[in-house]
Each structure stands twice: as C-alpha cells, then as structure tokens.
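These are the residues of each chain, in order.
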Amino acid sequence: MTAYIIRRILLMIPVLMGASLIVFSLIRLVPGDVVLQQIGGAGHVSKDEMEKIRHQLGIDRPFHEQYATWALNAVRGDLGKSLWSGKPVMQELIDRTPVTLELAFLSIFIAVIIAIPIGVISATRQNTPADYIGRLIAITGLSLPDFWMATIAVVFLGLYFKYLPPLGYHSPLEDLGKNLQQFLLPAAIEGFRLSAITMRMTRSTMLEVLRQDYIRTAWSKGLRERGVIYRHAMKNALIPVVTIIGTQLSRQLGGQVIIESIFSLPGVGRLTLDSIVNRDYTQLQGNVMFIAVIVVVANLLVDISYAWLDPRIRYS
Amino acid sequence: MTSKRILAGIVILGALVLTAACAAPGQEPTATPAAAKTPTASGPTAVPSGSPTATAIFGQIGSIDWLDKKFPYPPKPVLGKPVKGGTMHVDTTKWPPLDPVKIHGIWATFGAYDHLIEQDLDWRDPVIQSTVKMRPQLAESWDNPDPLTYVLHLVKGVKFQNIPPVNGRELTSEDVKFAIEVYQKGGYREAKVSPIAKIETPDKYTVKLTLKQPYAGFIEFFGSPVVAQIFAKEAYEAEGGLAKNVVGTGPYIAKEIKEGESFLMVRNPDYWQKDKDGVQLPYIDNIKGFVMSDISAQIAAFRSSQTDLTALVSLRQVQDVLKTNPDLFLYRVPSAIWGTLTMYYRLDKKPFNDVRVRQAISMAIDRDRQVKTLYDGDGDKMGPLPWVWTYPEWPRPYDKMGKYFQYNPTEAKKLLAEAGYPNGFKMTFQYAELGTGIVENGALMVQEDLRQIGITVDLKRLEAAAKEQLRAEGNWEDVLYDTYYVAGPGLDDMIWFTWHSTASKNGVMSPDRVNDPKIDQLLEKRKATPDAAEQKKLLLQLYDYLGEQQYRGIQTVYFRYEIQQPWLKNAASAPYNWFRGYGYYQQRASWLEGAPKR
C-alpha cells in the first residue's frame, strides 16, 4: 500500500506539470491581457506606456522564459503576485479557500443525505410510486442547470419575499447564523444537482447487489430487511458511489464559479473567473495548480478508500 | 411515508419556482407618483438663483408617459434637511486595483481622496445639465495671469486622514507637487497631467503650474474626476505603496478592504469641508460596499433593502423592480456620448475609405427604430460630438446634424451606386456583448437595415477581452461594432482623445485611427482659443464636418438608470457618464433618513 501511495504521489508531478503547461499556454493564446483590461475601458494611456507596464509585469518576455521563472518559483512554494491586485497569489488562495471548502462540504453533505436514502428506497421499492418519484427527482436534478436554479432562487426570493442571503462573507466563527443563511441556499442548490447522479448510481448498484447470491442467502437465513440492506448490500453497493462522491467533492473544492458569482460568495471559483476575465495570468495559474492538486489528491484518497470499503481490494 | 411527503414537498416547491420563473414581467406599474416636496437646496450644491430651469432647456424627455409622470426628467431638486449618521450600502460589479496612479478607483478609494478642482456633477443643478461647471475643492481659487500660467491657492488647514503612515499632518503645496509629479511619471493619469511643463511651490499654500502651450480649457480638463487624486508622499513610499496605504484628505477613511469581496469606509472626523449651513461633511457615518458580479443578485439585494442604490441598464428592469419597490427613486441620466452604439470602420480599406459609402451606411440606419426597439423608447439618438457642449436642446435638433444622420434608404442606395457599389457588398461586424443584449441586438438591427440597400453583414461575436485587443490594435476585418469610449467626463476627454490624430497612438479611444488634418486643426484651434463664443463656433464647425465625413457610424444610446431607496437622500448622480462614484456628492453630501436596520 505504501509503495502504491508513493508511486501515485510521484505520478502527480508529470500531471501537475502538464496541467500548468496547458493553462500557461492557453491563457496566453487568448487575445487581450491584463494591461488592456485595466486601462482599456477608459484608457488614454499611450502605447509606449502600456508596453512599459507590460515590461514591469514581465508579460512581454518570451513564453519559455516566463514559464521557467514561474515553474522554478512554484516548486519553492512561491506562486508569484497577482497581476491585477499585486497581492501574493498564495495569499489570495488562502483567503478564498474557506468559502469554497465550506460550500463544497455542505453541498456534498446535502447531496449525500438526499441521494443515498432515496437511492436505496428506489432500489428496494423498484417500480413502485416511491421509485418513480425518486427517479423523477434524479432526472430533475440532472436536467436543471445549477445557474438556472440559482438565478431563479435569487429572483424568486427577491421578488416574492424581498429576501437575499446576507451580503459580504461571514465566517462561521464570527456569526454562525449569518454564515448558514449565506451558505444553505447555494449549498442546497448544488447539493440537489449533485444528488441526482449519486442517487441514480446508488439505485443501480443497489439493484445489482440485491440480485447477488449472498443477498439471497441473507434473506433465506431470515435476516431482517434492515440487516440485509444496511449490513450486507449497502457496503458493497457504495464503492462506485464513493468514487462518484469523491470526484464530485474534488470538483466542488475547485470552486463553483457560477454559484459563487450568483450568491456573491468570495470563493476560489469566483477568483478563477475574475482571473480569466482580467487576464490575470499568475493568479489563474496559481488557481489551476491549486485545483489540480486537489483533484489529484482527492482521487488518490478515493482509491485508498476502496481498500477500506472492500477488504478484497489490495494495492501492490 | 415520511420520505414520500418530503419528496412531494420538493416537487411542489419546484413547481412553484417554475411558475415564478415563468411569470411574465413587463406590465406597467400602477403606483401613484410620489408627492412633490418644496425644493430646499442644501449640502455643498445649491441651485443658483436665476438659473435657467432644466425643463426650459430640455422640455420633457422621452416618450414614456408613466415614466415621465413618476420620474420627471430631469429630477426635481428635492433635498430637505440633512440627517447625520447611518451606514450606506452599495454594490460594485468589479474590483479594480486601489492604486490611483494605476487606475481610477472605485467607490472605496474615491471617498478617501480629494481633488484640487472638481467638475460639478450634481445632476439636479439645472445649470450643470446644460453647461459644465467647475468648482473649487482643495484649491479654493485659481488665477490665470497669462495663457501659460495657472496659480492655485490651496485651502489652509486641510489635514490628511489621521491614520498611518501620514497621521493627520497638514496638506501643503509640496504634497500637490509630489502627487502631480508621480502622475507625470506614467500610468493611468499621465495624459491628464501632460499639459503641465513645470510645477512650483512659491509658498506652503500656493501651487504654480506652467503649461507647455496655451490651453484655454485647462481648468476644465484638469478638474475632470479622472484627474489627480492628491495623496501623501509617506503613503506612496510606504510598503505596499498606494495600493495598500489608502490615505488622502477625503471624507471617508478606508477602514476595512477585503479585495474582491467588500469594503468599509468610515467618516473622517477631521474632514475639512462643511455644507452651506456650516455642518461638517460627510453626513453618513459609514459606507459598506459589496462586490456582486451578477445583476440578478444586485437587483435582489436592492429589493431586499440590503443595498441603497444600484444601476440598471434597461427600462424593463426598472419596471420589474418597481413592482416590488414602488417607492424607489429613479435617476434617468442621459449619456453625453459615452456608450453610444458605434460602427468603427477600417478606414484604410475599401470600401470604407470612400466617404460616400460611409454616408450611405449612416443614412440606411433607422435610428428611431433603434430607440423604440432597443430601449423601449427611452433612449437617445447621438451625433458625432457630445450634446451638452453642442446642441443641448431637446428634442435634439437633428436637422442641424446634417442629412447623413437622417434615415433615407433611397438616398443611401444612390450614394452606394455613385461609389461603385450599385448591388451593395459583403462585410463583417465583429462585436462583443456586454451582458445587456444591447450591442448584439443593435448589430442585428443594423444588419437588417443595411440589407435594404444591398449590403450583407456577417456577424462575428467575440469575447470581451478579445474585442478590447482588436480595439487596441485596430486590426478587425471590416467593422468593429462597439460602444463609444471616452476618456472622462470633460469635453476634451470626449473629443480630443477620441478624434485628434495623436490620440490614435493609444488605439483604445480612437480605434479606427482617424487622421484628418482638418479635425486636428479645429481641435487645436479651439484648445488655444480663450473666447468661449469662438470655442463654441469652432466646435460646431467640427460637428458639421464630422457629420459630413461620417468617419464613425454613431447611432443611439440608452439612458442610465440608477435606482435609490426612498430613505437615501441627495444621492445625486453624474450627468455626463455612467460610472458611479464619479458624482462626488453621492458620498459627501447624501444622507439616510429612516433606513432599515441591517
């Protein structure tokens, strides 16, 4: 197991290098840069002056030079300074991460408490009204995009209840009530969307497992339904579900651009979107590396969790 | 059974949400107009007695009866007695860097600084609606002993905010000299201080500016809100520079700035300026700002009273918000020219290098239809120069604009045939949508208009930054369909930087690189002419010449709508541009009366 983990960690290096190279080059291929974005709208700055600013920021240097400098600093933990705000990229990420973390875990929590019970009920009551309703919910969650649900929620609450979650980020340590008011609605929307896939996966794997011989044996031994479902069926059925949840969690931790923007939550997603719009190369690179590390580590943790869930799985 | 009930509840809630989403907005609000109060000017801006009234200048604008009744244009100067205290809540869509040398600030930093001279931007003042008025700020007066010299006399006893690293010391002429010299070194405001050749400080409260060449409109140019916020040397030289050390002499102190998220400004207890009754400004204790990039969230925040004002971009949005907030106060602010839908041609290419083709295109555009369709009738047709300095009358005297602004497809076809294109030609519009739909819909309407005279238009939509790149480099295919940019709210911001050939070095203000010696000559002559009547004559000559040349396909513009809560008083907006924060009084002289606890 240890050798496997070390091998996976070593494999992270080329993955992260590839990701950094792709994002480094792609954002530079897109027209426009941070100087134009800063002064473009109302600028009367001469071209020479704009070139001077580009030189100061170092974005006029050849691509390979810029990448080498950035990569060397990155391995030392220095992701540079934001071209837009001048603040250290790492600091911006540290400031924004708590928001994204809270939103991600809350969304996944809500998704799980919706998806698993409904998925199990759907499977154990196959082709009954309960199953139909469960499947309808799953289809609804899959069909309705989160940006639509979020916009509708904001418009609906504002229009009919003159309500919007409190503005400005309130840390749970400062004011838990306001914090929950801010996070519950976006987390519920995200959670509902995420629950759809998990629910469908839970249902189908449960159906598969419930048809296995060992489950029939458990029934024939006279075990109660609860024992058969929860002790015997669910543990095996949940392995693919855990994979799905792990993938969803890693994506959520990368930031929810749309939800964070609509609910004015200052998380990593909104920071990433702003970085793209502002052509803030350094901040974007830092954010993408942050997201890439999270995805790779989350995948590793999911793989490791298989061994815990299913003792038959062994890594060598 | 319980789970079934929960599921049923979710389905019902979903159905409710869907129903709400499908509820069609657009009906006219039926709320009765707010009762008019007796005008009592207060705060730093008093309406001068004997001034011509705005209604006399403009008459009634727009064609929307209910709107004109409920929110007459221009708004009445209803001010009342100022009340001190409270916290004003505002939204902002974007978070630019806070360093004023790099870029103009937003609300946050704007309140922290003062200027030497400022443009009076209170839209309620009828004089200001038709003329540009300059007023003293840190410079209480100024002399112009010869065409090249301006002597500014500073207000004595003005102190910087009492926070590190400046710690409340007095502002002197050396600070002004230092700040202008920093701006001259480069950055966002370099061009605005470029006419100055020398800065001297004969004493602690006097600044002598020597210009490079005579410039009759210098004070107006220099007093533009985008010029020279005065900062202290200590703040500039401290670690992090001005981006970190937001310290000026302004009415608000930056207490908490969470970049990209929110800011909190608190009243400067030592602020030097008082209103006409001797009450120290500002009236409001705190200003809290929140970054909200989503328009739905901004509107919902206003609806739920979490913000005190916000900007809207269409009459339909206004109607929609009026349903839930019938007591809101609305500013309908026409743009001087900023934001006008404009076709920038590749003037170096055929067929756009032929004036007849440009004239034909202009005559094929139905501007009235644009106003009716794109802006629901509450928009404005626009000539080649800003109206406030040229033809402030309303309705706009389009007969004076010249025949090429009139809709006449028959004449347009004739002109095209004369130019050698009897069957028209094909061309491409490149454009980026700004999130309002107006640019895209405008392009579609022009596409339809031009089809009538045989011109086929292909539309190519770009991402906003990609469009900026094209604008800066001037290398679009045929036509860049965009909005009109200006460098600020002063006349030269709007004409010098957009039409003089030397401005083309930049590219952003004059993307099509118009280079016509006659335009340059008229602009230069006007700049050097001290006589106001002569200046106006030259400006109208330029107006006529540009109308004939049709270098740019200038079309129509929408009104800017700013909605304010009924408890926010005297929050005047800027008349010549759309950026919130440029109307100084919003921060310095507005007050809250009966605002809810938030």
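Values in this document were obtained by computation on a predicted structure and should not be read as measured data.

Participant: In this structure, what is going on with the overall build of chain B? I would like to understand it.
Facilitator: Broken down by element type, chain B carries 21 helices and 22 strands. Burial statistics for chain B: of 598 residues in total, 51% are counted as buried. Considering only intrachain contacts with a sequence separation of at least 6, the fraction spanning at least 24 residues in chain B is 72%.

Participant: Looking at this model, I keep getting lost on the overall build of chain A. Mind explaining?
Facilitator: Along chain A, the regular secondary structure elements total 13 helices and 0 strands. Its helices and strands taken in sequence order, chain A reads α-α-α-α-α-α-α-α-α-α-α-α-α from the N to the C terminus. Once the C-alpha set of chain A is aligned to its principal axes, its extents read approximately 85 × 60 × 35 Å. Evaluated residue by residue, chain A yields a buried proportion of 41% over its 316 residues. For chain A, long-range pairs separated by at least 24 residues make up 73% of all intrachain contacts whose partners lie at least 6 apart in sequence.

Participant: What is the right way to read the sheet that holds strand 16 (residues 456-462) of chain B from this model?
Facilitator: Remark on secondary structure: sheet strands pair via backbone hydrogen bonds, oriented parallel or antiparallel. All names here are of chain B. The strand order 16-15-17-13-18 describes an open sheet built from 5 strands, whose pairing is mixed. One side of each edge strand has no neighbouring strand; the edge strands of this open sheet are strand 16 and strand 18 (552-554). For this sheet the average axis-to-axis angle between neighbouring strands, irrespective of direction, equals 25°. Note that strand 13 (residues 341-345) and strand 18 share 3 bridges and pair antiparallel.

Participant: So what exactly am I meant to see when it comes to the environment of His115(B) here?
Facilitator: All names here are of chain B. Mapped onto the elements of the fold, histidine 115 is located in the loop between helix 4 (107-110) and strand 2 (117-119). Overall, the presence of 23 C-beta atoms within 10 Å leaves histidine 115 in the buried class. In this structure the C-alpha to C-alpha distance between histidine 115 and glutamine 229, which are 114 residues apart in sequence, comes to 5.0 Å.

Participant: Any chance you could explain unusual backbone geometry here in plain terms?
Facilitator: Peptide bonds are mostly trans, and most non-glycine residues show a negative phi. Residue and element names in this part refer to chain B. Along the chain, proline 164 connects to proline 165 via a cis peptide bond; the corresponding omega equals 5°. Positionally, proline 165 belongs in the loop between strand 5 (149-154) and helix 6 (173-184). Note the cis peptide between lysine 350 and proline 351, where omega equals -5°. With respect to the secondary-structure elements, proline 351 resides in the loop between strand 13 and helix 13 (355-364).

Participant: Help me out: how do you make sense of the nonpolar core in this one?
Facilitator: Note that soluble globular proteins tend to have their nonpolar side chains buried in a common cluster. Counting residues in hydrophobic clusters, the biggest one holds 210 residues, and the most contacted among them are Ala150(A) and Ala360(B). With residues up to four places along the chain from it excluded, the contact list for Ala360(B) reads Ala412(B), Leu415(B), Leu416(B) and Ile453(B).

Participant: Help me understand helix 4 (residues 63-75) of chain A in this model?
Facilitator: One full turn of an α-helix is made of 3.6 residues, so residues set three or four places apart face in the same direction. Over its 13 residues, helix 4 of chain A extends 18 Å from the first C-alpha to the last, a length consistent with the 18 Å expected when each residue adds 1.5 Å. Gly77(A) sits one or two positions beyond helix 4 of chain A and adopts a positive phi of about 90°.

Participant: What exactly am I supposed to notice about the sheet that holds strand 4 (residues 139-146) of chain B here?
Facilitator: All names here are of chain B. Strand order in the open sheet made by the 4 strands is 4-5-7-6, with antiparallel pairing throughout. Each end of this open sheet is capped by a strand with a single partner; those strands are strand 4 and strand 6 (196-203). Direction aside, the axes of adjacent strands within the sheet are offset by 20° on average. Direction of pairing for strand 4 relative to strand 5: antiparallel, over a ladder of 5 bridges. In the strand pairing of strand 5, aspartate 143 is matched with valine 151. Here helix 6 sits on the sheet and contacts strand 5, strand 6 and strand 7 (206-211); the angle it forms with strand 6, its principal contact strand, is near 165°.

Participant: Would you explain the packing of helix 7 (residues 146-161) of chain A against helix 11 (residues 295-303) of chain B in this entry?
Facilitator: Each packed pair of helices is defined by two parameters, the angle between the axes and the distance between the axes. It is the contact of helix 7 of chain A with helix 11 of chain B, at a shortest axis distance of 9 Å, that shows an interaxial angle of 20°. Considering their axes alone, helix 7 of chain A and helix 11 of chain B lie roughly parallel with respect to each other. The chirality of how helix 7 of chain A crosses helix 11 of chain B is left-handed. In this structure, helix 7 of chain A uses Thr151(A), Val154(A), Val155(A), Leu157(A) and Gly158(A) to contact helix 11 of chain B, whose residues at the interface are Ser296(B), Ala297(B), Ile299(B), Ala300(B) and Arg303(B). Residue composition of the contact of helix 7 of chain A with helix 11 of chain B, by class: 6 nonpolar, 3 polar and 1 charged.

Participant: Looking at this structure, I do not really get the pairing of strand 10 (residues 286-291) of chain B. What am I missing?
Facilitator: Here is the key point about a regular strand: its side chains alternate between the two faces of the sheet. Residue and element names in this part refer to chain B. Taking burial as the measure, the 6 residues of strand 10 include 5 buried ones, the bulk of the element. The pairing of strand 1 (residues 87-92) with strand 10 spans 6 bridges and is classified as parallel. Bridge pairing in strand 10 places threonine 92 opposite valine 291.

Participant: Help me understand the environment of Ala472(B), please; the structure alone is not making it clear to me.
Facilitator: All names here are of chain B. By secondary structure assignment, the location of alanine 472 is in helix 17 (residues 464-473). Judged by the 22 C-beta atoms lying within 10 Å of it, alanine 472 falls in the buried class. Linking alanine 472 and tyrosine 407, residues 65 residues apart in sequence, is a C-alpha distance of 31 Å.

Participant: Just checking my understanding: could you explain the packing of helix 5 (residues 89-124) of chain A against helix 8 (residues 176-210) of chain A for this structure?
Facilitator: Residue and element names in this part refer to chain A. Following both chains from N to C, one finds helix 5 and helix 8 inclined at 35°, their axes separated by 5 Å at the closest point. Read as a crossing pair, helix 5 and helix 8 show a hand that is right-handed. Tallied by class, residues from the contact of helix 5 with helix 8 come to 22 nonpolar, 7 polar and 3 charged.

Participant: I tried to follow the confidence of the model for chain B on my own but got confused; where do I start?
Facilitator: Detailed reading of the predicted coordinates is not advisable wherever pLDDT is low. Residue and element names in this part refer to chain B. Chain-level statistics for chain B give a pLDDT mean of 80 and a share of 79% at 70 or above. Mean pLDDT values for the elements of chain B range from 33 in helix 2 (residues 54-58) up to 98 in helix 13. Counting contacts from residues 124-129, a segment whose pLDDT is below 50, to residues more than four positions away or on other chains yields 25 contacts. As scored by the predictor, the complex reaches a pTM of 0.78 and an ipTM of 0.74.

Participant: Help me understand the environment of Asp492(B) in this model?
Facilitator: Residues and elements named next belong to chain B. Within the fold, aspartate 492 resides in helix 18 (residues 491-499). What makes aspartate 492 buried here is the crowd of 23 C-beta atoms within 10 Å. Note: C-alpha distance between aspartate 492 and glutamate 220 (272 residues apart in sequence) is 8.6 Å. When sequence neighbours within four positions are dropped, the list of residues in contact with aspartate 492 reads Gly217 and Phe221.

Participant: Would you take a moment to explain helix 13 of chain B for this structure?
Facilitator: All names here are of chain B. Burial of helix 13 is extensive: 8 of the 10 residues sit out of reach of the surface. By the burial criterion, the buried members of helix 13 are Val357, Arg358, Gln359, Ala360, Ile361, Ser362, Met363 and Ala364. For helix 13, the elements touching its buried residues are strand 13, helix 15 (409-418), helix 16 (438-451) and strand 18.

What counts, and at which threshold
- Residues numbered from 1 in each chain as written.
- Chains lettered and ligands numbered in written order.
- Predicted model: local features only at pLDDT ≥ 70, side-chain atom pairs only at ≥ 80, totals over all residues.
- Helix = DSSP H or I, 4+ residues; strand = E, 2+ residues; numbered from the N terminus.
- Buried ≥ 20, exposed ≤ 12 C-beta atoms within 10 Å, placed from the backbone.
- Contact = placed C-beta atoms within 7 Å.
- Pairing = 2+ DSSP bridges.
- Axes fitted to C-alpha atoms, helices over the stretch in contact; angles between N-to-C directions.
- Core = buried A, V, L, I, M, F, W, Y, C linked by C-beta atoms within 7 Å.
- Expected span 1.5 Å × (residues − 1).
- Parallel < 35°, antiparallel > 145°, perpendicular 65-115°, else oblique.
- Left-handed = near helix turned anticlockwise from the far one by under 90°.
- Nonpolar A, V, L, I, M, F, W, Y, C, P; charged D, E, K, R; others polar.
- pLDDT = per-residue confidence, 0-100.

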